[in-house]
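# A look at the structure
Here's the letter readout for the chains.
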Amino acid sequence: MRTPDSRFYCPQIGVGTFTLDENESSHAVRVCRATAGDTLELCDGLGHFADATIVKADPKACEVRIDKFDTVSTERPKLNLAIACLKDDALEEVVFHAAQTEIDTIYFLRTDFSQEPKNSDLHKLVRRAELKSLVSLKQSKKPWLTRIEGPIEFDRWLDTYEGDLVLCDINGEKSVPVLEQGTTLLVGPEGGFSDKEISRIKSYQRGKTTLINLGNTRLRARTAAIIALGKFV
């Protein structure tokens, strides 16, 4: 038996026989040329991994048998990212890189200075971002799938959010806080959050608010998000 040098996504992992979706089935059978009896490495994005034996090598519905599985993580990551909607493909680029780290959720926020493409279909953008998050899950071999949420209005998001906040600010601290509970890293659009939004963030009461400094140069929003995440990993 051989094991293709890829990891495959199966949203439900347990002992028994399961069918992979068409995308994963096609990748296993057509791209990796896996056949019956070969072993596939599976992950569910919920902290579980398994070596599964192919029972039926169907490129549209590959059946696999799982005899045992491993639970490597029982708690979701504490860190989230909330970033303002950006123009072009910037949000997808952020997701592609950020979702390779152990980050729980990425929120797309509609802020006062958001830069969304005219006539944009953000539902399609969210779907593409979800696919990039799934690719990052398999590539990085991390246990948890990064969720994509939004787009959501900044005020409505902050009204319902509970946990700590970390805001990227030129007057912030050089060091980052220890993650004691769910914490969201806030990155504004090009030009930053509005004064009203910054005031709301600083007066937030359902957790601690920390300001962190990302250096002496002015960064693009997509760059700031990755640099800020890098301080926590």
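Above this text is the structure in question.
All of the points below concern the structure found in this document. (Residues numbered from 1 in each chain as written. Predicted model: local features only at pLDDT ≥ 70, side-chain atom pairs only at ≥ 80, totals over all residues. Heavy atoms only, no water.)

## Let's talk about helix α3 (residues 122–140)
- A rise of 1.5 Å per residue sets the reference length of α3, with its 19 residues, at 27 Å; its end C-alpha atoms lie 26 Å apart and thus fit the reference within 8%.
- Looking only at α3, the buried set comprises L122, L125, V126, A129, S133, L134, S136, L137 and K138.
- Residues of α3 that are buried make contact with β1 (7–9), α1 (22–31), β3 (39–43), α2 (90–98), β7 (105–110) and β8 (147–153).
- Downstream of α3 by a residue or two, K141 has a phi angle that is positive, lying close to 60 degrees. (Helix = DSSP H or I, 4+ residues; strand = E, 2+ residues; numbered from the N terminus. Expected span 1.5 Å × (residues − 1). Buried < 20%, exposed > 50% of the residue type's maximum accessible area, 1.4 Å probe, protein only. Contact = heavy atoms within 4.5 Å.)

## Let's talk about the pattern of salt bridges
- Counted under the stated rule, the structure contains 15 salt bridges.
- A salt bridge links R127 to E130; the shortest N-O distance between them is 3.6 Å. Residue R127 and its partner E130 are both found in helix α3; the two are separated by three residues, about one turn of the helix.
- The class for R127 is partly exposed, based on a relative accessible area of 47%. (Salt bridge = Lys/Arg side-chain N within 4 Å of Asp/Glu carboxyl O.)

## As for empty space enclosed by the protein
- Scanning the model with the defined rule gives one cavity of 30 Å³ or more in all.
- Lining the largest cavity, in full, are L86, K87, A90, Q115, E190, R220 and R222.
- A per-class count over the lining of the largest cavity returns two nonpolar, one polar and four charged. (1 Å grid on protein atoms, 1.4 Å probe; cavity = no way out; pocket = protein on both sides within 12 Å on 5 of 7 lines; lining within 4 Å. Points joined across faces, edges and corners; volume = space filled by probe spheres on them. Nonpolar A, V, L, I, M, F, W, Y, C, P; charged D, E, K, R; others polar.)

## Some remarks on the state of the cysteines
- This structure, assessed with the given rule, holds zero disulfides.
- Free cysteine: C32, not disulfide-bonded; nearest cysteine sulfur from C62 at 11 Å.
- The cysteine C85 is free of any disulfide, with C168 supplying the nearest cysteine sulfur at 17 Å. (Disulfide = S-S within 2.5 Å.)

Coordinates in, geometry out; function isn't part of it.
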